[in-house]
Amino acid sequence: MLVTTREIFEKCYGRYAVAAVNVEFMEQVHAVFAAAQRAQAPVIVQTTPVARDYAHAKMLASMVRTASEIYPGVVYAFHVDHGYESHIDDALESGAYTSVMIDASHDEFEKNASRTRAVVEKAHAKGVSVEAELGTLGGVEDDITVDEKKALYTDPEQVEEFVKLTACDSLAVAVGTSHGAYKFSGGQGLQFDILEGIQKRLPGFPLVLHGGSAVNTTEIERINEAGGKLSASAKGVDAEEIKRSIKYGVCKVNIATDARLMWTRVTREFFASTPEDFTPIKPGKTYMEEYASFLTEKFEMLGSAGKAGEFLSKG
């Protein structure tokens, strides 16, 4: 069942958060839908512009649509992550997406609001939800790199005016996370005072946490044992902090790095242990199974497991 993120947030706010999972290839699409069906959890499936360029936008949309047929009963929104106007226009024209994100967070406040408002007007005319971003996350996301020194926390004093000016449906906030595998190498964690300040000014308004991957240290160790060279300082977001953030309005938690780390570990270990093999199907199958299990646990942690029925029932 395809829904908008607005519909999801109306039901989950303050109760549970929904995983927003980036997909780039078939194995990830299978894993996301298999896990959502297994857990009976709503999910947000999202693609970045880089993923759309890699696989082709039509291919990704076709895979997601087909997965919804293979796994009937899965409640999901289809979302453009970190899009610019050209990507969003293409997504809106395709009719495949129910949600888009305009990433104008690197602009000054007024320009960010203006660009966001223009996207909102086009998207809302087609019944599509819009996520905006205020504040700048550091780290690496596909082809976007932001120096941590230039990352800026979201200013709670600006959020009410921004939402009023833009009419966006949800707001991605910078509260300490960053993109990539080195989110909290400095040990700072989520800034709950900022989250609290934002919620006081935007009560009931859905917030989005980018950079929400856990970055399991065991994955890092196993990757390096199989020939990788990732820094041991890699560190993700603590599960207890994510659960705590839900009561402050965090409804959507983005997950991408965990998927990439698991793919890297599974692939490296397979070919290191079976150097005579050259088939992609065997490690691909292992990856699908392990990633689906990982996501099932993530849905449980976010509190979204078992909540798909809220959308499928007529009430």
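The protein chain appears in an unreviewed UniProt entry as Fructose-1,6-bisphosphate aldolase, class II from Fulvitalea axinellae.

Focus: the environment of Arg6
Along the polypeptide, Arg6 turns up in helix α1 (residues 5–12). Of the residues examined, Arg6 reaches a relative accessible area of 28% and is grouped as partly exposed. For Arg6 and Glu131, which are 125 residues apart along the polypeptide, the C-alpha to C-alpha distance reads 9.6 Å. Apart from the residues lying within four places of it in its own chain, the contact partners of Arg6 are His124, Val128, Ser129 and Asp169.

So, the UniProt feature "binding site: dihydroxyacetone phosphate" (unreviewed entry) in the protein chain
Using the residue numbers shown here, the UniProt feature "binding site: dihydroxyacetone phosphate" (unreviewed entry) corresponds to Gly180, Gly211, Gly212, Ser213, Asn254, Ile255, Ala256 and Thr257. If you trace the backbone, Asn254 turns up in strand β11 (residues 250–255). Overall, the relative accessible area of 4% leaves Asn254 in the buried class. Once residues lying within four places of it in the same chain are set aside, the contact partners of Asn254 are Ala20, Gln46, Asp81, Val208, Leu209, His210, Gly211, Gly212 and Ser213. Assignment of secondary structure puts Thr257 in helix α11 (residues 257–273). Classification of Thr257 as buried rests on a relative accessible area of 11%.

Observations concerning the environment of Gly127
Topologically, Gly127 is positioned in the loop between α6 (109–124) and β5 (129–134). Residue classification places Gly127 among the partly exposed positions, given a relative accessible area of 40%. In this structure, the C-alpha to C-alpha distance between Gly127 and Ser99, residues 28 residues apart in sequence, is 8.8 Å.

Examining the sheet that holds strand β8 (residues 170–173)
Where strands meet in a sheet, backbone hydrogen bonds hold them as pairs that are either parallel or antiparallel. Read around the closed barrel, eight strands run β1-β2-β3-β4-β5-β8-β10-β11, paired in parallel fashion. Taking each pair of neighbouring strands and ignoring which way they run, the sheet shows an average axis angle of 30°. For β5 and β8, the ladder comprises four bridges, and the chain directions are parallel. Note on β8: the bridge partner recorded for Glu131 is Ser170. Sheet strands in contact with helix α7 (residues 156–166) are β5 and β8, and its direction is about 150° off that of β5.

Considering the nonpolar core
Of all hydrophobic cores here, the largest spans 79 residues; its most connected members are Phe33, Val43, Val45, Val100, Leu171, Tyr291 and Phe299. Leaving out residues up to four positions away in the same chain, Leu171 has contacts with Ala132, Glu133, Leu134, Val159, Phe162, Val163, Leu202, Phe205, Pro206, Leu207 and Val208. Counting residues in hydrophobic clusters, the runner-up holds 13 residues, among them Ile8, Val18, Val75 and Ala308.

Description of the packing of α11 against helix α12 (residues 281–302)
Direction vectors running N to C along α11 and α12 enclose 145°, while the axes themselves pass 10 Å from each other. Relative to α12, α11 is oriented so that their crossing is right-handed. Here α11 contributes Asp258, Ala259, Met262, Trp263, Arg265, Val266, Phe270 and Phe271 to the contact with α12, which in turn contributes Lys282, Pro283, Thr286, Tyr287, Glu290, Tyr291, Phe294 and Lys298. Tallied by class, the residues present in the contact of α11 with α12 amount to 10 nonpolar, one polar and five charged.

Describing α11
With 17 residues, α11 ought to run about 24 Å at 1.5 Å a step, and its terminal C-alpha atoms sit 24 Å apart, in line with that. For α11, the complete set of buried residues consists of Thr257, Asp258, Ala259, Leu261, Met262, Arg265, Val266, Thr267 and Phe270. Those residues of α11 hidden inside the fold are in contact with α2 (26–39), α9 (217–225), β11 and α12.

Some thoughts on the state of the cysteines
Under the counting rule described, the total for this entry stands at zero disulfides. No disulfide involves Cys12; its sulfur sits 3.8 Å from the nearest other cysteine sulfur, which is in Cys251. Assessed through its relative accessible area of 0%, Cys12 is described here as buried. Cys168 takes part in no disulfide bond, and the closest cysteine sulfur to it belongs to Cys251, at a distance of 13 Å.

Some points on the pattern of salt bridges
Side chains that carry opposite charge are capable of pairing whenever their charged atoms lie near each other. Going through the model one piece at a time under the given rule, you end up with 17 salt bridges. Here Arg117 ties to Glu121 by a salt bridge, and the two come within 3.2 Å at their closest N and O atoms. Residue Arg117 and its partner Glu121 are both found in helix α6; the two are separated by four residues, about one turn of the helix. Residue class for Arg117 comes out partly exposed when judged on its relative accessible area of 31%. Of the charged contacts, one joins Glu290 and Arg265 as a salt bridge, the two residues approaching to 2.6 Å between their closest N and O atoms. Within this pair, whereas Glu290 is found in helix α12, its partner Arg265 is found in helix α11, the two being separated by 25 residues in sequence. Overall, Glu290 belongs to the partly exposed group, its relative accessible area being 30%. Owing to a relative accessible area of 4%, Arg265 belongs among the buried residues under this scheme. The network of salt bridges with common partners includes Glu219, Arg222, Arg265, Glu269 and Glu290.

What counts and how
Residues numbered from 1 in each chain as written. Predicted model: local features only at pLDDT ≥ 70, side-chain atom pairs only at ≥ 80, totals over all residues. Heavy atoms only, no water. Helix = DSSP H or I, 4+ residues; strand = E, 2+ residues; numbered from the N terminus. Buried < 20%, exposed > 50% of the residue type's maximum accessible area, 1.4 Å probe, protein only. Contact = heavy atoms within 4.5 Å. UniProt positions renumbered as here; feature names shortened; annotations may be inferred. Pairing = 2+ DSSP bridges. Axes fitted to C-alpha atoms, helices over the stretch in contact; angles between N-to-C directions. Core = buried A, V, L, I, M, F, W, Y, C linked by side-chain atoms within 4.5 Å. Left-handed = near helix turned anticlockwise from the far one by under 90°. Nonpolar A, V, L, I, M, F, W, Y, C, P; charged D, E, K, R; others polar. Expected span 1.5 Å × (residues − 1). Disulfide = S-S within 2.5 Å. Salt bridge = Lys/Arg side-chain N within 4 Å of Asp/Glu carboxyl O.

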